[in-house]
Amino acid sequence: MERYFQQEIETMSRDEIRANQLEKLKWQVERVYENVPMYRERMQDMGVHPDDIKELSDISKLPFTTKQDLRDYYPFQLLAVHKKDIVRIQASSGTTGKQIVAGYTRNDLDQWSNGFARQLIAAGASNKSIVQVSYGYGLFTGGLGAHQGAEKIGAMVIPTSSGNTERQIRFMCDLGTTHLCCTPSYAMYLGETVKEMGVKNQLKLQAGIFGAEPWTEEMRRQIQDALGLKAYDVYGLTEIMGPGVSYECAAQSGMHICEDMFIAEIIDPETGEVLPEGSFGELVFSTITKEGQPLLRYRTRDLCRLDYETCSCGRTHVRMRKPAGRTDDMLIIRGVNVFPSQIEEVLLRNSIEVSPNYQIVVDRVNNTDTFDINVELSPRFRGDVDSEKRKLETQLRAQLGIGAKVHLLRPKSIERSEGKAKRVIDNRRLHD
Ligand code: ADP
Ligand code: ZN
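In this text the structure is predicted, and so the values were computed from the model without any measurement.

Here we look at unusual backbone geometry
Geometrically, the link from Y74 to P75 is a cis peptide bond, its omega value of -10° lying close to zero. With respect to the helices and strands, the residue P75 is situated in the loop between α4 (67–72) and β1 (88–91). Of note, the phi angle at Q252 is positive, near 45°, even though the residue is not glycine. Structurally, Q252 can be placed in the loop between β8 (243–248) and β9 (255–257). Positive phi values are uncommon outside glycine, yet R301 reaches one of about 70°. Turning to its location among the elements, R301 is positioned in strand β12 (residues 298–307). Judged by relative accessible area, R301 falls into the buried class, the value being 12%.

Describing the side chain of S92
Along the chain, S92 turns up in the loop between β1 and β2 (101–104). Contact partners of S92, with chain neighbours within four places excluded, come to K67, Q99, I100 and T238.

Overview of the state of the cysteines
The full count for this structure, using the stated rule, is zero disulfides. Considering cysteine sulfurs only, C258 is the nearest to C304, which forms no disulfide, with 15 Å between them. With a relative accessible area of 1%, C304 lands in the buried category.

Quick notes on the layout of surface pockets
There is about 680 Å³ of room inside the second largest pocket. Sorting the residues of the lining of the second largest pocket by element identifies α8 (184–197), α9 (217–227), β16 (354–365) and β17 (368–377) as the ones contributing at least two each. Among the elements that line the lining of the second largest pocket, the one with the most residues is α8, at five residues.

Digging into the packing of helix α10 (residues 340–349) against helix α11 (residues 385–400)
Interhelical geometry of α10 versus α11 gives an angle of 140° and a closest axis separation of 10 Å. For the element pair α10 / α11, the angle class is oblique. The hand of the α10/α11 crossing is right-handed. Residues Q342, I343, E345, V346, L347 and R349 of α10 form the contact with α11, whose own contacting residues are L392, Q395, L396, Q399 and L400. Here the contact of α10 with α11 is built from residues that sort into six nonpolar, three polar and two charged.

Regarding a nonpolar patch on the surface
There is a patch of nonpolar side chains on the surface, built from F76, I89 and L139 and spanning about 240 Å² of accessible area. Residue I89 is classed as partly exposed on the basis of its relative accessible area, which comes to 33%.

What to know about the packing of helix α5 (residues 106–122) against helix α6 (residues 141–152)
Where α5 meets α6, the axes come as close as 7 Å, and the angle between the chain directions of the two elements is 75°. By the angle between their directions, the pair α5 and α6 is classed as roughly perpendicular. On α6, the residues touching L109, D110, W112, S113, N114, F116, A117 and L120 of α5 are T141, G145, A146, Q148, G149, A150 and K152. Looking at the contact of α5 with α6, its residues break down into seven nonpolar, six polar and two charged.

Brief notes about the pattern of salt bridges
Counted by the stated rule, this structure contains 27 salt bridges. A salt bridge links R170 to D174; the shortest N-O distance between them is 3.9 Å. In this pair, R170 and D174 are both assigned in helix α7 (residues 165–175), four residues apart and thus about one turn of the helix distant. The partner of R319 in a salt bridge is D307, and the shortest N-O contact between them spans 3.6 Å. In this pair, R319 sits in strand β13 (residues 319–320) while D307 sits in strand β12, placing the two residues 12 residues apart along the sequence. Here R319 falls in the buried class, since its relative accessible area comes to 5%.

Overview of the nonpolar core
With 65 residues, the main nonpolar core has L25, I240, F262, L283 and F285 as its most contacted residues. If you look at the next biggest cluster of nonpolar residues, it comprises 23 residues, including V362, F381, L400 and I402.

As for the coordination of the zinc ion (ligand 2)
In this structure, C249 (SG), H256 (NE2), C311 (SG) and C313 (SG) serve as the protein donors to the zinc ion (ligand 2), at separations of 2.1 to 2.3 Å. For the zinc ion (ligand 2), the four donor atoms in the first shell make angles of 104 to 112° at the metal, a pattern classed as tetrahedral. Positions of the donor residues of the zinc ion (ligand 2), expressed as sequence spacing, correspond to C-x6-H-x54-C-x1-C. Taken together, the residues span a long stretch of sequence, with C249 in the loop between β8 and β9 and C313 in the loop between β12 and β13 at a distance of 64 residues. Each member of the pair, C249 together with C313, is buried.

Focus: the environment of Q111
Within the secondary structure, Q111 is located in helix α5. Sequence-distant contacts of Q111, that is, excluding residues within four places in its chain, are made with M261 and T289.

What to know about helix α2 (residues 14–35)
Spanning 22 residues, α2 covers 31 Å between terminal C-alpha atoms, matching the ideal 32 Å at 1.5 Å per step. All of the buried residues along α2 are I17, Q21, L22, L25, Q28, V29, R31, V32 and Y33. The inward-facing, buried residues of α2 abut α3 (37–46), β10 (262–267) and β11 (280–287).

Rules behind the numbers
Residues numbered from 1 in each chain as written. Chains lettered and ligands numbered in written order. Predicted model: local features only at pLDDT ≥ 70, side-chain atom pairs only at ≥ 80, totals over all residues. Heavy atoms only, no water. Helix = DSSP H or I, 4+ residues; strand = E, 2+ residues; numbered from the N terminus. Buried < 20%, exposed > 50% of the residue type's maximum accessible area, 1.4 Å probe, protein only. Contact = heavy atoms within 4.5 Å. Disulfide = S-S within 2.5 Å. 1 Å grid on protein atoms, 1.4 Å probe; cavity = no way out; pocket = protein on both sides within 12 Å on 5 of 7 lines; lining within 4 Å. Points joined across faces, edges and corners; volume = space filled by probe spheres on them. Axes fitted to C-alpha atoms, helices over the stretch in contact; angles between N-to-C directions. Parallel < 35°, antiparallel > 145°, perpendicular 65-115°, else oblique. Left-handed = near helix turned anticlockwise from the far one by under 90°. Nonpolar A, V, L, I, M, F, W, Y, C, P; charged D, E, K, R; others polar. Patch = residues over 30% accessible without salt bridge, like charges linked within 9 Å, V, L, I, M, F, W, Y side chains within 5 Å. Areas by Shrake-Rupley, 256 points an atom, 1.4 Å probe, with all protein chains shown as cover. Salt bridge = Lys/Arg side-chain N within 4 Å of Asp/Glu carboxyl O. Core = buried A, V, L, I, M, F, W, Y, C linked by side-chain atoms within 4.5 Å. Donors = N, O, S within 2.8 Å, 3.2 Å for Na, K, Ca; no water. Tetrahedral: all angles 85-135°; square planar, octahedral: opposite > 155°, others 65-115°. Expected span 1.5 Å × (residues − 1).

What follows is the structure, given as structure tokens:
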């Protein structure tokens, strides 16, 4: 039977959720109007006053916040509390562009721990569990985020951080790790190494909590097979909190957003207009309990869909579908929009012949974009390399609507990632 970490919150009726959100939104809007000059100025420019927030849909009257704002007001100008009340700083991993920071009060850390604790309990963990945190510790929110959540439920935590892969696996065997937290690309790498070490039968893993980057259903199957666990998807971002903003339950059909902490909207990324329920678009969050660095209508650039149907697990919080990619992950190659996840899908469909370890290399030669994809052959591959390459090129063209040159490489020749995988090398930016 499914259990909850905070049952009364996780299973509130939709009406209660909405009433609770409206009350917290009013509180937050008032606070940022009083304490954050950027918000006060923007609201004044738009002719909006905190008193104008009378119902939830009034949220659309409020200004957006972007990643650029976090850069422009770096490091502390968006704080809504005195600096002395900030007890922790985390920073974005810097996958895209310049670093940004987030400040947390003690309450903010407590709320964040609740988010990740909900995930762990939804994945079947308890105070008897042994949780190995193989996300990187430090400024990246993965390590400490998972750690706090695991401590909160009273589990035994093994803070291995990422790296030193064989030692990680020895610990898993020796200490009997039941729950593993890391990026899906590192989970794949751990899986490969487990196989090489021949120790799969010594593992006690029950579930894995993998997030911080996009991954596909096929990758989920491969990780589950390699490590013998049930793999859960967890989502978060530094600007809003860290991992645990939303999380999967055993139904594995979307990630429940902690709606007692955040209001989620889907907007048209071009016009900024709020889209009707069920639409696909850019995910936007307002943090309604955060004290340190609260954000109104933060544009995540993540593209997804929200599902308000009640989930079979009994949780009532809205589910977000796996983000299909970020607006800023999208490559424009010879005028065509390309998402790395589309390429991954094709490779995973051919998982007998190739491994999902790949790298996209884009460059500009004589004013034309070049588009190369390096892919590792699977160790099981016994066929003809040339015909395999042609087959992949044909499938990729059908999927992407544009031709790419495929280079098949020996197994293990692409560097493995211990954190987020680096899939794209865009050399065009260097020439600009
Ligand atoms: P950076 O922006 O530097 O990568 P973060 O570590 O804060 O810094 O990354 C947050 C982003 O990671 C999210 O906006 C999203 O694009 C991606 N992400 C996090 N979790 C997931 C997930 N489960 N599935 C897909 N993408 C995810
Ligand atoms: Zn559910």
